[in-house]
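Given next are the chains, with one letter for each unit.
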Amino acid sequence: MITIIYYLKKYPSIKVVFDVHRDAINYENGDKLRPVIDINGKTAGQIMLISGCESGPITDYPNWQKNLRFSVGLQQALEKTYPSLARPLFFAEKKYNQDLCENSCLIEIGSQANLLSEAKYSAELLSKVLIKYLNNKV
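Structure report, in brief. (Residues numbered from 1 in each chain as written. Predicted model: local features only at pLDDT ≥ 70, side-chain atom pairs only at ≥ 80, totals over all residues. Heavy atoms only, no water.)

This paragraph deals with the packing of aromatic side chains. Counted under the stated rule, the structure contains 5 aromatic pairs. Judged by centre distance (6.1 Å) and plane angle (35°), the rings of Phe18 and Phe70 are tilted. Here Phe18 is found in strand β1 (residues 17-23), whereas its partner Phe70 is found in helix α2 (residues 64-81), with 52 residues between them in sequence. On the accessibility criterion, Phe18 (27% relative accessible area) is partly exposed. (Phe/Tyr/Trp six-rings, centres within 6.5 Å; stacked < 30°, edge-to-face > 60°. Helix = DSSP H or I, 4+ residues; strand = E, 2+ residues; numbered from the N terminus. Buried < 20%, exposed > 50% of the residue type's maximum accessible area, 1.4 Å probe, protein only.)

A word on the sheet that holds strand β4 (residues 47-52). Reading across from one edge, β1-β6-β4-β5 is the order of the 4 strands in this open sheet, with mixed pairing throughout. The open sheet has two edge strands, β1 and β5 (90-92), and neither has a second partner. For this sheet, the mean angle separating the axes of adjacent strands, direction not counted, is 25°. Judged from the 4 bridges that link them, β4 and strand β6 (residues 104-111) form a sheet pairing that is antiparallel. Counterpart to Ile47 in the pairing with β6 is Ile109. Sitting on the sheet, α2 touches β1, β4, β5 and β6, and the angle it makes with β4 is about 165°. Together, β1, β4 and β6 form the strand contacts of helix α3 (residues 116-137), whose direction differs from that of β6 by roughly 150°. (Pairing = 2+ DSSP bridges. Axes fitted to C-alpha atoms, helices over the stretch in contact; angles between N-to-C directions. Contact = heavy atoms within 4.5 Å.)

In structure tokens, the structure reads:
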């Protein structure tokens, strides 16, 4: 959070914030899950977008609905361009630092079990969609 606040203050023109991670997905027995999809003959790690909301104990989050719309739009753009690259959008009563800026989204690229090459390919595909989406959105 400190890093995001620093950069938002240093560069007030920032309009979009992405928090990018690799997911940690385990089966009940502890084995790691490796979410993959074949796209254009190459294996990609599936992506999951995460959007938080204000509800119950989570308060002071005025822009959560705008962030949700932003994430849903990105999810739709991913699905249209690369069907099944994105897992279902995860929506939860949490902030994920998304309360600091409109157009914020947490992005999980693959999981801890995906190969680095799969994560890199997913990031490449995501970047192509993001360029088009952001040019039309922001």
